[in-house]
Every structure is written in structure tokens, then in C-alpha cells.
Amino acid sequence: MTAFTGDLFDGRSSQAHPVSAALDAGRLHITGEGIALVFPLDQIDVAPPVGAARGVVHLPKGQELHSTDLAALAALSRATATNRPERWARHLESRLGYALIALVVSVLVMFAGLRWGVPAAAQLAAHTLPAGLERNIGEESLMLMDKFSLSPSRLPLARQQALARQLVTQCGKQACPPHTLLFRNSALFGANAMALPGGTVVVTDALVDLAHNDAEILAVIAHELGHVKHRHSLRLTLQSIGAGVILVAITGDIGSVADLAAGLPSLLLQNGYSRDMEREADAYALAWMNTACIPPRHFADILGRLDRDTTDSTTLLDSHPGTQQRIKPFLASHHCA
Ligand SMILES: [Zn+2]
């Protein structure tokens, strides 16, 4: 028998009547001064206690029984709600252990969402987004970079055109993704190259200066074309926004989405690409160079030189998956028909 004490409210006044309650033979008995009530269990409803507050038993005719004896109320709830769906919820709510498990599961789901869900969603979105939108993002990024971190190239126009012509010639021999080649000077980014959403490939003057021959420059451009082909920068962009949206959902801080969108250009310029993306771009460059009959070791040569020359981590080409490991296939392979 479950017995407990509480306050009875008659549903008409706010007057509390101290009572004793007992669950006996499938009925709830409530007794107090001048009070003797008996209710079949199907006429009462136990509301789950909120936090440490008292629980409420709803009785017929708007009457309520309030009690702080949560253990007794839980027993009463189990007795009344045998076949009701909310029974499970109450059962779970009443146990701290389940609450902790739920918390851990929530955190894991959130982590998995950020670690795997966002990149997967970004990859899917990158391949379904209209090309116009991708171009807009690329143009926006280039505009911001031209404003803050890039300046017009100091290379002679004839030199720029000669390199562009070589690329056109190679892309006439094999399928290159749609792209636009641009040269820019940048004190901030030094010897560098980057692929923007929409296919714009930017090569810095310092990279052209660092190269010992045009084959090395083409090798770097081929790597960037790999990023273009797989839409890596768009995926990166969407990932940063996707993660932001998830964080906003958790924190309710809408400002951070705007911050992330504004931070895009720097995201593209820092080590934003994952190792998998770099490997994909490398694989594309290797195949491209073999088709173009350019010895792949040229990529290894300039990558090694970039690695030595960069003291900070702001180059796209050096994104730490171990330069030595990355250049190995380029040293081993040369298949020219
Ligand atoms: Zn890269």
C-alpha cells in the first residue's frame, strides 16, 4: 500500500486542506478533516513533478492533490498509467541515470553531427547547389580578398599570358573542370595558390618566382584544379556555415553565423582543407600531369621548396599531412604515353 500526505484543493478556492492519501485495492483514498474521498484510478491523473517542485494529482471536478512525496507519486503514477504511452516518459524522467545517459547520447550525436554529419551534408549540398550560387560565393570571396589581402600582379602581362596559354593547351588535351586563372600579388600569403568556389584559381607572384620552371607552376595549378573539380572550397564554405547553424541551434547565438560567413576568405586561405581533400587534389594532379606528360616530380620539387620556405601555416599547399608522404607518389610515378 502506498500512503502519503499532501494538500487537497477543491478547485473552487485556493484554500489548502491537509490530507492523507493511500492507494489501496486499486483506489485512491483521501482523508482529512471532514474529508473522505475515494477515486478509482482511471479517474485520476498524476502530472509529472517539475524539477524538485511538488507533484500534482488531478482529481475529478477540478480538484487537485499536491504532494512533495515524489516517490509515492511515482508509485501512484505507475499504478494509474499502466497502459498509457506517457508512462515511459515519466519512468525515464524519474531516473537520474537515464537523464545522464540521455545527456551523453545528446553530446555524442552533436559531436558526430559536427564531425561527420556536417561534412557529409556539405558534400551533398556542394554537388546539388546551383552553379550560379557557387559562382556568387566565389566572386564574393575574391572581392573580399582583393580588398584586404591581394593586390594586382606585378608579373609582366606576357608572362601571365604565356602561363595561361600553356594551361589552355593542356586542358585542350584532357578534361579540366571549368576554371578561371588569375595572378595576384600578396605580401600576406607569399608563395601560394588557391581555388575559390566557382572555379577561380589564384596564383601568387611569389609562387611563380619560387618555381624553377613552368612545369612546377602547372603542377600547382593542376592540384588546384583538383580542388575545383571536387568543389572543395564550396564544401569548406558550407561546412563552416553548417557547423555554425548547429552551434546556433545549441547556443541560440545568431551572431556567430554572420561571423562565420565574414570569415570565409580567411578560412579558404588558412589550412581549411582536410587531409582527404588534399589527397583528392593530389590524386587529380598526379593523373593530370601524367596525361599532360609533365613529370610528376615537378610537383614534389615545388612542394618541398614551399615546405622549406614557409615558416607559418598560411599556405594551402602545405596542409601538414606530411609533405614527405604526399610527394612520394609524385616521385615514383611517371607514365607518359
Ligand atoms: Zn591543396
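The rules behind these values
- Residues numbered from 1 in each chain as written.
- Predicted model: local features only at pLDDT ≥ 70, side-chain atom pairs only at ≥ 80, totals over all residues.
- Heavy atoms only, no water.
- Donors = N, O, S within 2.8 Å, 3.2 Å for Na, K, Ca; no water.
- Helix = DSSP H or I, 4+ residues; strand = E, 2+ residues; numbered from the N terminus.
- Buried < 20%, exposed > 50% of the residue type's maximum accessible area, 1.4 Å probe, protein only.
- Core = buried A, V, L, I, M, F, W, Y, C linked by side-chain atoms within 4.5 Å.
- Contact = heavy atoms within 4.5 Å.
- Pairing = 2+ DSSP bridges.
- Axes fitted to C-alpha atoms, helices over the stretch in contact; angles between N-to-C directions.
- Phe/Tyr/Trp six-rings, centres within 6.5 Å; stacked < 30°, edge-to-face > 60°.
- Patch = residues over 30% accessible without salt bridge, like charges linked within 9 Å, V, L, I, M, F, W, Y side chains within 5 Å.
- Areas by Shrake-Rupley, 256 points an atom, 1.4 Å probe, with all protein chains shown as cover.
- Salt bridge = Lys/Arg side-chain N within 4 Å of Asp/Glu carboxyl O.
- Disulfide = S-S within 2.5 Å.
- Parallel < 35°, antiparallel > 145°, perpendicular 65-115°, else oblique.
- Left-handed = near helix turned anticlockwise from the far one by under 90°.
- Nonpolar A, V, L, I, M, F, W, Y, C, P; charged D, E, K, R; others polar.

**Q** What is the right way to look at the coordination of the zinc ion in this model?
**A** Each angle at a metal carrying four tetrahedral donors should ideally be 109.5 degrees, and each at a metal carrying six octahedral donors should ideally be 90 or 180 degrees. At this site the zinc ion is bound by His223 (NE2), His227 (NE2), Glu278 (OE) and Glu278 (OE), with donor distances of 2.0 to 2.8 Å. Spacing between the donor residues of the zinc ion along the chain follows H-x3-H-x50-E. Here His227 and His223 lie together in helix 7 (residues 214–229), a separation of 4 residues that amounts to about one turn. The same class applies to His223 as to His227, namely buried.

**Q** Before we go on, may I ask you to explain the nonpolar core in this structure?
**A** Membership of the largest hydrophobic core comes to 41 residues, with the highest contact counts inside it found for Val203, Leu225 and Trp288. Counting residues per element, this core draws most heavily on helix 7, which supplies 9 residues. Those residues within four positions of Leu225 in sequence are excluded, and the remaining contacts are Leu167, Cys171, Cys176, Pro177, His179, Val201, Tyr284 and Trp288. Among the nonpolar cores identified, the runner-up in size contains 18 residues, and Val19, Ile30, Ile44 and Ala72 belong to it.

**Q** Can you walk me through the sheet that holds strand 2 (residues 17–24) in this structure?
**A** On the basis of which strands lie adjacent, the open sheet formed by 7 strands has the order 4-3-2-1-7-6-5 and antiparallel pairing. Of all the strands in the sheet, just strand 4 (35–40) and strand 5 (45–47) have a single pairing partner and so form its edges. Each strand axis lies, on average, 30 degrees off the axis of its neighbour in the sheet, ignoring direction. Docked against the sheet, helix 1 (residues 70–80) engages strand 1 (2–9), strand 2, strand 3 (27–32), strand 5, strand 6 (55–58) and strand 7 (64–67), running at close to 95 degrees with respect to strand 1.

**Q** What should I look at first to understand the packing of aromatic side chains in this one?
**A** In this description, a pair of aromatic rings is defined by centroid distance and the angle of the planes. The full count for this structure, using the stated rule, is 1 aromatic pair. The interplanar angle of 40 degrees and the centroid separation of 4.5 Å between the aromatic rings of Phe299 and Phe330 together place this pair among those described as tilted. Residue Phe299 is found in helix 12 (residues 297–309), and its partner Phe330 is found in helix 13 (residues 323–332); the two are separated by 31 residues along the sequence. In this pair, the class of Phe299 matches that of Phe330, namely buried.

**Q** So what exactly am I meant to see when it comes to a nonpolar patch on the surface here?
**A** On the surface, a cluster of nonpolar side chains totalling about 280 Å² of accessible area is made up of Leu100, Leu103 and Val107. Tracing the backbone shows Leu103 in helix 3 (residues 96–128).

**Q** Help me out: how do you make sense of the state of the cysteines in this one?
**A** Between two cysteines, a covalent bond joining their sulfur atoms is known as a disulfide. Following the criterion strictly, the structure yields 1 disulfide and no others. Bridging Cys171 to Cys176, the disulfide has an S-S length of 2.0 Å. In this structure, the disulfide formed by Cys171 and Cys176 twists by about -90 degrees around the S-S bond and is classed as left-handed.

**Q** Looking at this structure, I do not really get the packing of helix 11 (residues 275–292) against helix 13. What am I missing?
**A** Look at helix 11 against helix 13: their axes get within 10 Å of each other, and the N-to-C directions meet at 15 degrees. Between helix 11 and helix 13, the angle is such that the two are roughly parallel. The two elements helix 11 and helix 13 cross, and the hand of that crossing is right-handed. Packed against helix 11, whose contacting residues are Glu278, Asp282, Ala285, Leu286 and Met289, the element helix 13 presents Arg326, Pro329 and Phe330 at the interface. Per-class residue counts for the contact of helix 11 with helix 13 are 5 nonpolar, no polar and 3 charged.

**Q** Just to check I follow, could you spell out the packing of helix 7 against helix 11 for this structure?
**A** The angle between the axes and the distance between the axes are what describe a pair of packed helices. Following both chains from N to C, one finds helix 7 and helix 11 inclined at 125 degrees, their axes separated by 7 Å at the closest point. Judged on the interaxial angle alone, helix 11 and helix 7 are oblique. Seen along the crossing, helix 7 lies across helix 11 with a hand that is right-handed. From helix 7, Leu218, Ala219, Ala222, His223, Leu225, Gly226, His227 and Lys229 reach across to helix 11, where they touch Met277, Glu278, Ala281, Asp282, Tyr284, Ala285, Trp288 and Met289. Partitioning the contact of helix 7 with helix 11 into residue classes produces 10 nonpolar, 3 polar and 3 charged.

Treat this as a map of the structure, not an account of what it does.
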